[in-house]
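Descriptive structure summary
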Amino acid sequence: MQQLAFFEPAKDEAIPQERRSSTTFLDNMALPVHRWFRYSAGFSALWAHDVLEAERAKGRTRVFDPFAGSGTTLLEAEKAGVLAIGAEAHPFVARIARAKLLWREPPQEFLKYGLRVLKIAKSMGPPEVKPSGLLEKCFPPHTLRLLEAIKVAWEECAEGGPLSELSWLALISILRSCSPVGTAQWQYVLPSKSKARALAPFEAFEEKVRGMAYDMARCQQRKNGAQARLYPRDVREASGLPENWADLVITSPPYVNNYDYADATRLEMTFMGEIEGWGDLQDAVRVHLVRSCTQHVASLSAMTEDLIGHPRLCPIRDSLRRVCSSLSVERERHGGRKPYDALVAAYFLDMAKVWDTLRRVASPGALVCFVVGDSAPYGVHVPVERWLGELAVSAGFSAWRFEKTRDRNIRWKNRKHRVPLQEGRLWVKG
Ligand SMILES: C[S@@+](CC[C@H](N)C(=O)[O-])C[C@H]1O[C@@H](n2cnc3c(N)ncnc32)[C@H](O)[C@@H]1O
């Protein structure tokens with residue numbers, strides 16, 4: 001049988017050495033498999049790779065990523081020959097990571113499967129689309145009908161196996177590039193902004209499937225370690241995770257910066273019919289996540305003192321209480337009256353539980369690396385790295401240190417406050 005031609009993506013691993021310390025996801029869009037879904041919350045695969053290699057040379061061979069996101073650490077660990085497990089509590093994001101971990105499937109079979117989905121989509125009359133405010137704002141009617149045709153065709157073929165999961169990923173990853181409006185994840189969806197170029201759905205899907213098959217074939221040619229395992233779990237609870245397993249933890253937790261991870265996939269979840277609108281995100285996603293945005297704590301604004309009084313927050317209680325008091329004063333002076341006081345208390349309580357989980361999953365003497373940034377809601381500085389370090393020690397780790405990698409907010413572009421912020425790595429040992 002004639003081999004089906006793959007599509008070779010234009011850019012590939014051409015990232016200069018000096019950019020390898022970057023902690024942003026952007027460079028991953030030039031890397032096989034990482035580029036299958038643009039997860040703006042992700043960190044740099046090359047940086048994760050360098051840490052994995054350096055630690056493997058020192059004898060660390062089992063890594064855990066408790067906030068695995070789209071699977072960056074796990075994929076790099078497979079490549080570096082380091083055993084890896086991860087947890088991700090956002091159900092949709094966990095499915096993306098699991099689909100990416102299927103890159104070992106036969107590329108030709110996947111290509112055939114994807115092209116069959118496309119053939120069925122092309123052969124059907126454009127289906128009727130159930131009206132939805134968000135989808136109508138993001139896509140012209142014709143584009144939406146073509147995307148819907150691919151979805152219906154995918155549903156016809158889907159049997160839950162690896163090839164249908166890979167095709168699911170191909171479909172959800174083209175949605176934003178087929179939309180002519182602003183759909184960058186960090187800014188959520190901006191219907192009033194327009195993009196220079198929107199892709200045509202059938203062509204975009206074919207290109208995506210061919211590109212994925214190309215990456216699969218390429219990665220299968222290299223030497224690889226064991227397959228990583230992703231647990232779709234809330235890492236505040238350790239149940240079901242192996243104990244004393246990891247000698248290395250590499251991760252980037254949610255920052256307490258009001259970014260709503262649930263909203264970041266609203267477009268994709270709405271299109272796939274998993275939610276009807278914004279209101280469904282609370283039960284479908286947010287309840288599973290560390291409380292890092294005010295939508296999480298809307299009902300907790302009167303509970304700040306109870307949260308601060310939780311025994312697990314004892315090591316940071318006095319300074320936490322001072323920051324929360326300032327935040328509750330500031331709240332009265334701002335129009336939005338956001339409950340940042342409750343948010344900060346809830347965030348650190350959740351992160352204390354995460355450290356307890358990490359203490360159980362990590363073996364004695366393990367090394368932990370958190371990519372973190374501090375924050376200053378309403379201009380009140382929250383010393384994130386120090387409090388996280390102190391909570392780690394109270395969970396049973398022996399020591400922490402912070403390595404700054406960059407300043408943030410120093411050019412005062414943020415007009416809401418003028419507090420200098422920093423980003424870097426929190427290293428915890430023990
Ligand atoms: C900064 S992102 C990590 C991204 C990842 N490094 C990557 O490259 O894709 C933080 C992730 O933590 C997840 N998360 C939040 N709360 C969680 C929890 N309680 N348990 C597990 N994962 C959680 C979020 O859904 C998000 O994907």
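Residues numbered from 1 in each chain as written. Predicted model: local features only at pLDDT ≥ 70, side-chain atom pairs only at ≥ 80, totals over all residues. Heavy atoms only, no water.

**Here we look at the packing of helix α3 (residues 91-100) against helix α7 (residues 162-174)**
Using the following cut-off: The convention used is that axes are lines fitted to C-alpha atoms, helices contributing only their stretch in contact, and that angles between N-to-C directions extend from 0 to 180 degrees. In DSSP terms, a helix is any run of H or I states spanning at least four residues, a strand is any run of E spanning at least two, and both are numbered starting from the N terminus. An angle below 35 degrees is read as roughly parallel, one above 145 as roughly antiparallel, one from 65 to 115 as roughly perpendicular, and any other as oblique. Put simply, a crossing is left-handed when the front helix is turned counterclockwise from the back one by less than a right angle, and right-handed when it is turned clockwise. The contact definition used throughout considers only heavy atoms, calling two residues in contact when any of these lie within 4.5 Å. Only Asp, Glu, Lys and Arg are considered charged in this grouping, and only Ala, Val, Leu, Ile, Met, Phe, Trp, Tyr, Cys and Pro are considered nonpolar; every other residue, Gly among them, is considered polar.
Relative to each other, α3 and α7 sit at 120°, their axes nearing to 9 Å. Here α7 runs oblique to α3, going by the angle between their axes. You can see that α3 and α7 cross each other, and the crossing is left-handed. For the pair α3 and α7, the contacting residues are Phe92, Arg95, Ile96, Ala99 and Lys100 in the first and Glu165, Leu166, Trp168, Leu169 and Ile172 in the second. Of the residues assigned to the contact of α3 with α7, the class counts are 7 nonpolar, no polar and 3 charged.

**Overview of the domain arrangement of the protein**
Reports often express the size of an interface as the amount of accessible area lost when the parts come together. Rules: Residue ranges assigned to each domain were obtained from an automatic or database domain assignment.
Domain boundaries in the protein define domain 1 (40-91 + 227-261 + 285-429) and domain 2 (107-221). Its C-alpha centre places domain 1 at a distance of 33 Å from the equivalent point of domain 2.

**Things to note about the site of the ligand**
Cut-off, in case you're wondering: A molecule or strand has a residue near it when one of that residue's heavy atoms lies within 4 Å. Whenever a nitrogen or oxygen atom comes within 3.5 Å of another N or O atom, the pair is scored as a polar contact, on the condition that within protein one atom can donate a hydrogen and the other can accept it, and that pairs from neighbouring residues in sequence are kept only if both atoms are in side chains.
The immediate surroundings of the ligand are formed by 24 residues, with Tyr39, Ser70, Thr72, Glu88 and Asp234 found nearest. A distance of 2.5 Å separates an oxygen atom of the ligand from a polar side-chain atom of Thr72. A distance of 2.6 Å separates an oxygen atom of the ligand from a polar side-chain atom of Glu88. Partitioned by chemical class, the residues of the shell around the ligand number 13 nonpolar, 7 polar and 4 charged.

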